[in-house]
Amino acid sequence: MLDDISTFLREMPVKYYLAGGFWSTKEPTLAFFIGQEKIEALVAGSRGGVGYEGSLEKDNDAPPLASGQRSFANGTGSRTLSRKLASRYRLRRNVKHLFVVDADKKDRFFGVNTLERLRQRSVASALEEMHENPQQIFGSWPEQTPFRWAILNREITLSTDTSPRIDEPILIFGIADELCASFESWAETQGASIAAILPLSIAVLAWCNANLATKDRDSLVVVATGQGAVSAAFKRRSLIYISQEESVADAFSALEREVDALELESPARYLWALNNTEERRTIPEELVIIDEENIQGISGESLALQEGHGKKIKHDRPIAHLLNWLVKQ
Amino acid sequence: MNPYLVSKEVLARQVYRYSPAYRLAALLLFGFLFLQVPAVVWLIYERQADQDRRTRAGQLAAEAARISSDRKALADTEKKLKRIQDLAPVLRARLPISAVLGKIEQLAPRDLALSQIVIDAGEFQPVQIETGLFQVPRQITIVIAGQETAQGGDAYRDLAGKLLESLPPGSKIADTSLAEGQPFKTFRLALNAPTNGNYFGLGVTKISTQNSL
């Protein structure tokens, strides 16, 4: 009891309380897309995005890049980046961060499995085992780097706790502990809390399953990022397959090979690309590319967000819609 | 959204932000600290005032020591001054004889011839001062004798009345007598005046303040 009190007195967030934390825990969210060389951020209030910053990697106080390195310069000025953004968009000083990370292949892991195959009875025990002894879970685990692990249900619902049956597919994903710790450390310097740290591909698949017609028709989704492509198959809204590939063409080839094994019925094909892909000639003709042209139809709205210069500009790049959707989850 | 991939340590710290129990505890703690502000301000003020008092006391002690040191040099002068002050009752119980004589000369009518003026002290009171025992008079007796013409009225009475008005309050005519004779009548006047009264009525003026020597 005394230890708890002394820990509380030592660790209590005084600045947070004095900035209004006593009365309200509704905080604006700064959703960062963290790339290998690029950092973007969507600034969101209680009703969603209000501002967008397209190239934060140049800021002196920018968060670490997905490579784990500080972006441009190290050190802070008189105000932190979070304080500057909150002030620029006239939001409360207390903010929380959401990191969407396009991590290097060696720093991330995705897999679809079942608790039964993992020989675990619950999500909690599976997570504990993965943390303690990943070789035991995955058979062979080449990485010596510690990872942080999470498990999502087959619908990739981000806002609910997962409690699947032991024979239901589950999505296992992880990111290198060191990379996550660098974001936590930076967020602490900003005086912000952390909502979550998500791999970009997982966030995109969650968005796709929530916004595309995966419920009506089996779907094949390829997520193309700066670090290769991730292919996923949804059967009636349930994720049943995920794999990492080198390119979009490789990803679709792999999916085509698996269609019969996965018992998919004339699946729809989607491509979510972080940047405009040059590989359109090598990919299926009936493919729906989720880009600026059709995203308004998919997500149901066009995003008009203020930028640093004060003017509102349409932001219909898929990453902006993704971040805006995530802050509402 | 669930806090995916956020460490337990960070989540534990975030509990302090979002848990109503911790926020209430922090609010109570801050409220308690806020209530201490007046006491702290008072303590600081008192400490400052006490420091000022100590400084002032030190200054006064130094000043007293300096004055005491200076006073030692003035001890002989003080002693002399004390003697003078001791003489005050003696000096105060005095009669300006010249003023009395001048007044009598001024007031005496032409048909009066003064043959004798006696001014005497009486009702002595002993006063002990450093140098000895002094007999200080409390009353002055003025006796005037002379003649007036047999046809003259009560000129000596007019002299007595006017002189009484000029003497200090409390003065009185002690005796008047007239002996018939030809061609002159002989009269005698006796007046008593207190020694500690003011003699401004005799034409004496104050030349300076009391303590100015």
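Residues numbered from 1 in each chain as written. Chains lettered and ligands numbered in written order. Predicted model: local features only at pLDDT ≥ 70, side-chain atom pairs only at ≥ 80, totals over all residues.

Moving on to the overall build of chain B. If you tally the helices and strands in chain B, you get 6 helices and 4 strands. Each helix and strand of chain B, ordered N terminal to C terminal, gives the series α-α-α-α-α-β-β-α-β-β. Out of the 213 residues belonging to chain B, those deemed buried represent 14%. Counted over contacts in chain B with a minimum sequence separation of 6, partners at least 24 positions apart contribute 68%. (Helix = DSSP H or I, 4+ residues; strand = E, 2+ residues; numbered from the N terminus. Buried ≥ 20, exposed ≤ 12 C-beta atoms within 10 Å, placed from the backbone. Contact = placed C-beta atoms within 7 Å.)

When its secondary structure is counted, chain A shows 11 helices and 15 strands. Within the span of chain A, comprising 329 residues, buried residues form 43% of the whole. Across chain A, every contact between residues at least 6 apart in sequence was considered, and the portion connecting residues at least 24 apart equals 61%.

With that settled, the discussion passes to the pairing of strand 4 (residues 184–194) of chain B. Residue and element names in this part refer to chain B. As paired elements, strand 2 (residues 132–149) and strand 4 share 11 bridges and run antiparallel to each other. Note on strand 4: the bridge partner recorded for glycine 146 is phenylalanine 187. Of the pairings in the sheet, the one linking strand 3 (residues 172–179) to strand 4 comprises 7 bridges and is antiparallel in character. Across the sheet, the residue bridging to serine 177 is arginine 188, located in strand 4. (Pairing = 2+ DSSP bridges.)

Residues and elements named next belong to chain A. Put simply, helix 8 (residues 200–211) and helix 11 (residues 318–327) touch, their axes get as near as 10 Å, and they point 80° apart. Taken together, the axis directions place helix 8 and helix 11 in an arrangement best described as roughly perpendicular. When helix 8 is examined against helix 11, the residues Ala203, Val204 and Trp207 are found in contact with a partner set consisting of Leu322, Trp325 and Leu326. Across the contact of helix 8 with helix 11, the residue classes tally to 6 nonpolar, no polar and no charged. (Axes fitted to C-alpha atoms, helices over the stretch in contact; angles between N-to-C directions. Parallel < 35°, antiparallel > 145°, perpendicular 65-115°, else oblique. Nonpolar A, V, L, I, M, F, W, Y, C, P; charged D, E, K, R; others polar.)

What follows is about the sheet that holds strand 4 of chain B. Residues and elements named next belong to chain B. Pairing in this open sheet of 4 strands is antiparallel, and the strands run 1-2-4-3 from one edge to the other. The sheet is open, and its two borders are formed by strand 1 (112–129) and strand 3, each paired with just one other strand. Within this sheet the neighbouring strands show an average axis-to-axis angle of 15°, counted without direction. Contacting strand 1 and strand 2, helix 5 (residues 97–107) runs over the sheet at an angle of about 155° to strand 1.

Moving on, we get to the nonpolar core. Among the nonpolar cores identified, the biggest contains 101 residues, and Ala31, Val100 and Ile197 of chain A are the most heavily contacted of them. When residues of this core are sorted by domain, at least three fall in each of domain 1 (1–109 + 142–150 + 158–163 + 172–211 + 292–329) and domain 2 (212–290) of chain A. Excluding its chain neighbours within four sequence positions, the residues that come into contact with valine 100 of chain A are Ala31, Phe32, Phe33, Ile34, Leu198, Leu200, Ala203, Leu323 and Leu326 of chain A. Core analysis: the second largest hydrophobic core is formed by 17 residues, Ala108, Ile144, Leu191 and Ala193 of chain B among them. (Core = buried A, V, L, I, M, F, W, Y, C linked by C-beta atoms within 7 Å. Domains from an automatic or database assignment.)

Listed by partner, the interface residues are 18 residues for chain B and 24 residues for chain A. Taken together, the elements giving at least two residues each to the side of chain B that touches chain A come down to helix 1 (8–18) and helix 2 (20–73) of chain B. For the side of chain B that touches chain A, the leading source of residues is helix 1 of chain B, giving 6 residues.

What follows concerns helix 2 (residues 14–21) of chain A. Because an α-helix packs 3.6 residues into every turn, residues spaced three or four apart end up facing the same way. Among all positions of helix 2 of chain A, only Tyr16, Tyr17 and Gly21 of chain A are buried. One side of helix 2 of chain A carries all its buried residues, which in axial view fall inside an arc of 95°. Structural note: helix 2 of chain A exposes Val14 and Lys15 of chain A on the side pointing more than 90 degrees away from its buried face. Looking at the packing, one finds that the buried side of helix 2 of chain A touches helix 1 and helix 2 of chain B. (Arc of directions from axis to C-beta.)

Before going further, it helps to spend a moment on the packing of helix 5 of chain B against helix 6 (residues 155–166) of chain B. All names here are of chain B. Here helix 5 crosses helix 6 at 140°, and the two axes come no closer than 10 Å. Considering their axes alone, helix 5 and helix 6 lie oblique with respect to each other. Every pair of crossing elements has a handedness; the one defined by helix 5 and helix 6 is right-handed. Judged by residue contacts, Lys103, Ile104 and Leu107 of helix 5 engage Leu159, Lys162, Leu163 and Ser166 from helix 6. Broken down by class, the residue content of the contact of helix 5 with helix 6 amounts to 4 nonpolar, 1 polar and 2 charged. (Left-handed = near helix turned anticlockwise from the far one by under 90°.)

Attention now goes to the sheet that holds strand 5 (residues 108–114) of chain A. Residue and element names in this part refer to chain A. Strand order across the open sheet formed by 3 strands is 5-7-6, with antiparallel pairing between neighbours. Lying at the two open borders of the sheet, with one neighbouring strand each, are strand 5 and strand 6 (147–152). On average, each strand axis in the sheet is inclined to that of its neighbour by 20°, with strand direction left out of account.

Turning our eyes to something else, we now look at the pairing of strand 3 of chain B. Counting buried residues in strand 3 of chain B gives 0 out of 8 residues, a small share hidden from the surface. Linking strand 3 of chain B back to strand 4 of chain B in an antiparallel pair, the connection comprises 4 residues.

Residue and element names in this part refer to chain A. Despite not being glycine, arginine 90 has its phi angle at roughly 55°, a positive value. Looking at the secondary structure, you find arginine 90 in the loop between helix 3 (81–88) and strand 4 (96–101). Phi is positive for arginine 119, close to 60°, though the residue is something other than glycine. Relative to the assigned elements, arginine 119 resides in the loop between helix 4 (115–118) and helix 5 (123–132). With 12 C-beta atoms counted inside 10 Å, the residue arginine 119 sits in the exposed group.

A few words now on the environment of alanine 108 of chain B. All names here are of chain B. With respect to the helices, strands and loops of the structure, alanine 108 is situated in the loop between helix 5 and strand 1. The exposure class of alanine 108 is buried, given the 20 C-beta atoms found within 10 Å. In this structure the C-alpha to C-alpha distance between alanine 108 and tyrosine 156, which are 48 residues apart in sequence, comes to 8.1 Å. With residues up to four places along the chain from it excluded, the contact list for alanine 108 reads Leu114 and Leu159.

Let us look at helix 6 of chain B. Residue and element names in this part refer to chain B. The end-to-end C-alpha separation of helix 6 is 17 Å, in line with the 16 Å expected for 12 residues at 1.5 Å each. For helix 6, the complete set of buried residues consists of Tyr156, Leu159, Ala160 and Leu163. Each buried residue of helix 6 lies within a common arc of 100° when the element is viewed along its axis, so the set occupies one face. Facing away from the buried side of helix 6 by over 90 degrees, the exposed positions are Gly161 and Glu165. (Expected span 1.5 Å × (residues − 1).)

On to the confidence of the model for chain B. Parts of the model with low pLDDT should not have their predicted coordinates read in detail. Residue and element names in this part refer to chain B. Confidence in the prediction of chain B, expressed as mean pLDDT, is 88, and 96% of residues score 70 or more. Looking at the elements of chain B, mean pLDDT is at its lowest for helix 4 (residues 88–92), recorded as 79, and at its highest for helix 2, recorded as 94. Scored by ipTM, the complex comes to 0.90, with pTM at 0.70. (pLDDT = per-residue confidence, 0-100.)

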